[in-house]
Amino acid sequence: MSPLPELRYPSVPELVAAAQALAAQEPGLCALRQVGVSRAGRPLHLLSVGHARRAVLVVAGAHANEPTGGSTLRVLAERVLAERELRTDTSWHFLLCADPDGASLHVTPAPRSLLDYHLGFYRPTGAEQPEWSPSVLPPDRLPPETRTLTGVIDELRPYLQVTLHGTDLGGSWVQLTKDVPGLAEPFAKSAAELHIPVETGASDAAGWPASGPGVHVMPGPETGVAYPSLPDDARHSTWYHAHRYGGLTAVVEVPMWASDLVDDPAPHPAPAAAMRRLATRLLRDSREVERILAEALPRLEGVDGPLLRASRWALELIPGLAEDWTHTSPAGTTMAYVGSVDAFGRRLPLRAAAMLLRVLREADDRAAPRLEQLVATWCDAFAERFRARWVPLEHQVEHQSRTVLVAAQQARDRAA
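Residues numbered from 1 in each chain as written. Predicted model: local features only at pLDDT ≥ 70, side-chain atom pairs only at ≥ 80, totals over all residues. Heavy atoms only, no water.

What follows concerns the pattern of salt bridges. Taken as a whole and assessed by the stated rule, the structure comprises 23 salt bridges. Between Glu 145 and Arg 39 there is a salt bridge; the shortest N-O distance is 3.1 Å. Of this pair, Glu 145 sits in helix H5 (residues 144-156) while Arg 39 sits in the loop between strand E1 (30-37) and strand E2 (43-49), and the two are 106 residues apart along the sequence. Taking relative accessible area as the criterion, Glu 145 reaches 1% and is therefore assigned buried. (Salt bridge = Lys/Arg side-chain N within 4 Å of Asp/Glu carboxyl O. Helix = DSSP H or I, 4+ residues; strand = E, 2+ residues; numbered from the N terminus. Buried < 20%, exposed > 50% of the residue type's maximum accessible area, 1.4 Å probe, protein only.)

And the structure:
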């Protein structure tokens, strides 16, 4: 893996400070307000630029382990403020971080390698993720972050919601709740200019129709899901809340490390056999983590918290997912799709191991060194298998920003 330049993702307090500065700089155009609180009592802030009735909502920080969105949101807010034509008939609203509690637990603001990234890794359970919780919880049990997000959508009624996501290793892709004609070409052009591969077979969008390479349109509720075992279903997420007001959601994904293996549209020679092999490895890797967890649990009596809860939740997903991969026809048959599933299969047990490692280190447990070696080995294998190369932070942000602006323009034209 090539050496990285200096980089740093902003913390939530830094984003809030930057938003306060913008609001103070242009009080007639900008307003920053608190719109809710997290489960732990942290404030959720919304920065608004412009006064037009037609609105775009941009959401960052829905997943704690995907830090690029905060940087992109800041750049977008500054650009909208500087370029009057962007706000002539559109107001822009920026939810600075949808999950500040999660952001406080993912502690790698300047990762130098995949190992560094995972040593500070945190991603909560599905029930604790603001966008995903409606797919796994009844309405009366939704976390306050989710209720804040849907409340902002109810207030603004945006014609477009953009939620800024990312992946540790792979390519860039877009998920849409409704098609946005005209998005695919500039999206692909931007990715090419910035040397970011387009993930043409993203496992997150397995079986979905595509309006262009890497631009996937979510299927309707009558369509089956590619991985029946997974509890979270995009069709029941907050992404569809904007539909109540005639709007749509675009999910813009960018990688921290890129791999050209997820950009190969050639047919895979034996996708079903490959999926079975990946399922076997997924189960093998998860069992290694489960053995360490089972050994350490008696020594962790009384230890509980989001890291351990999230690690066990990730491990619980794996048997059903391996069953899906083994006994159902592949949702995709290209080299890119199998590559994306390969990355997913490495990512899930690695994340579970990384979060468990943080628990064991905090408890000074004797199993921590063994698990740390496993995490390091898996990170190295992940990077080597996918020939990972760092995407400069400014390229991540530029590509995500361009995609947001094009999506806003095209969706506005579509709604007109």
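Under the domain assignment, the protein chain is made up of domain 1 (12-260 + 390-415) and domain 2 (271-388). Look at where the C-alpha atoms of domain 1 and domain 2 centre, and you get two points 26 Å apart. Of the residues lining the interface, 36 residues belong to domain 1; the matching set on domain 2 comes to 32 residues. Overall, the association of domain 1 and domain 2 removes approximately 2,900 Å² of surface from exposure, summing both partners, and the carbon and sulfur fraction of that is 63%. Linking Arg 309 and Glu 128 is a salt bridge whose minimum nitrogen-to-oxygen distance equals 3.0 Å. Elements with a contribution of two residues or more to the side of domain 1 that touches domain 2: helix H4 (114-119), strand E5 (160-170) and strand E9 (248-258). (Domains from an automatic or database assignment. Contact = heavy atoms within 4.5 Å. Buried area = accessible area lost by both parts, 1.4 Å probe.)

We now examine the pairing of E5. The buried fraction of E5 amounts to 11 of the 11 residues, a majority that puts the element mostly inside the structure. In this sheet, E5 lies alongside strand E3 (residues 55-59) in parallel orientation, the contact comprising four bridges. When the sheet's bridge partners are listed, Val 59 is paired in E5 with Thr 163. In this sheet, E9 lies alongside E5 in parallel orientation, the contact comprising 10 bridges. (Pairing = 2+ DSSP bridges.)

As a further point, take helix H8 (residues 306-327). For H8, built from 22 residues, the straight-helix expectation of 32 Å at 1.5 Å per residue is met to within 8% by its first-to-last C-alpha distance of 33 Å. Roughly 30° is the biggest bend found in H8, and it falls at Ile 318, with proline Pro 319 one to four residues downstream. Within H8, the full set of buried residues consists of Leu 307, Leu 308, Ala 310, Ser 311, Ala 314, Leu 315, Leu 317, Ile 318, Leu 321, Ala 322, Asp 324 and Trp 325. Residues of H8 that are buried in the fold lie against helix H7 (271-296) and helix H9 (335-362). (Expected span 1.5 Å × (residues − 1). Bend = angle between axes of the 7 residues up to and from the residue.)

This part is about the layout of surface pockets. Looking at the largest pocket, its volume works out to about 910 Å³. Looking at the largest pocket, it is lined by 43 residues, and the ones nearest its centre are Trp 132, Asp 204, Leu 230, Asp 232 and Phe 344. Of all elements in the fold, only E5, strand E6 (173-176), H8 and H9 reach the threshold of two or more residues within the lining of the largest pocket. Top contributing element to the lining of the largest pocket by residue count: H9, with seven residues. Tallied by class, the residues present in the lining of the largest pocket amount to 23 nonpolar, 10 polar and 10 charged. Here the lining of the largest pocket spans two domains, and each of domain 1 (12-260 + 390-415) and domain 2 (271-388) adds at least three residues to it. The space that makes up the second largest pocket amounts to roughly 440 Å³. What lines the second largest pocket is a set of 27 residues, and nearest its centre among them are Pro 10, Ser 11, Val 12, Ala 103 and Ser 104. (1 Å grid on protein atoms, 1.4 Å probe; cavity = no way out; pocket = protein on both sides within 12 Å on 5 of 7 lines; lining within 4 Å. Points joined across faces, edges and corners; volume = space filled by probe spheres on them. Nonpolar A, V, L, I, M, F, W, Y, C, P; charged D, E, K, R; others polar.)

Turning next to the side chain of Ser 311. By the element assignment, Ser 311 lies in helix H8. Filtering out sequence-adjacent residues up to four positions away, Ser 311 remains in contact with Ala 352, Met 355 and Leu 356.

Within the secondary structure layout, Pro 369 lies in helix H10 (residues 368-385). The exposure class assigned to Pro 369 is exposed, which follows from its relative accessible area of 55%. Separated by 28 residues in sequence, Pro 369 and Val 397 have C-alpha atoms that sit 36 Å apart.

A separate point is the state of the cysteines. Under the criterion given, the structure shown has zero disulfides. In this model Cys 30 remains outside any disulfide bridge; the closest cysteine sulfur is found in Cys 97, 20 Å from its own. Overall, Cys 30 belongs to the buried group, its relative accessible area being 6%. (Disulfide = S-S within 2.5 Å.)

Here the focus is the nonpolar core. Membership of the largest hydrophobic core comes to 62 residues, with the highest contact counts inside it found for Tyr 227, Trp 257, Leu 321, Trp 325, Leu 360 and Leu 371. Listing elements by their share of this core, those giving two or more residues are H4, E9, H7, H8, H9, H10 and helix H11 (393-415). Looking at this core element by element, the count peaks at 15 residues for H9. Structurally, this core is a two-domain feature, drawing no fewer than three residues from each of domain 1 (12-260 + 390-415) and domain 2 (271-388). Val 49, Val 58, Tyr 159 and Ala 250 belong to the second largest nonpolar core, which has 45 residues in total. (Core = buried A, V, L, I, M, F, W, Y, C linked by side-chain atoms within 4.5 Å.)

What follows is about the environment of Asp 285. With respect to the element layout, Asp 285 can be found in helix H7. In this structure, the C-alpha to C-alpha distance between Asp 285 and Ala 353, residues 68 residues apart in sequence, is 9.6 Å. Beyond its immediate sequence surroundings of up to four residues, Asp 285 is in contact with Pro 349 and Trp 378.

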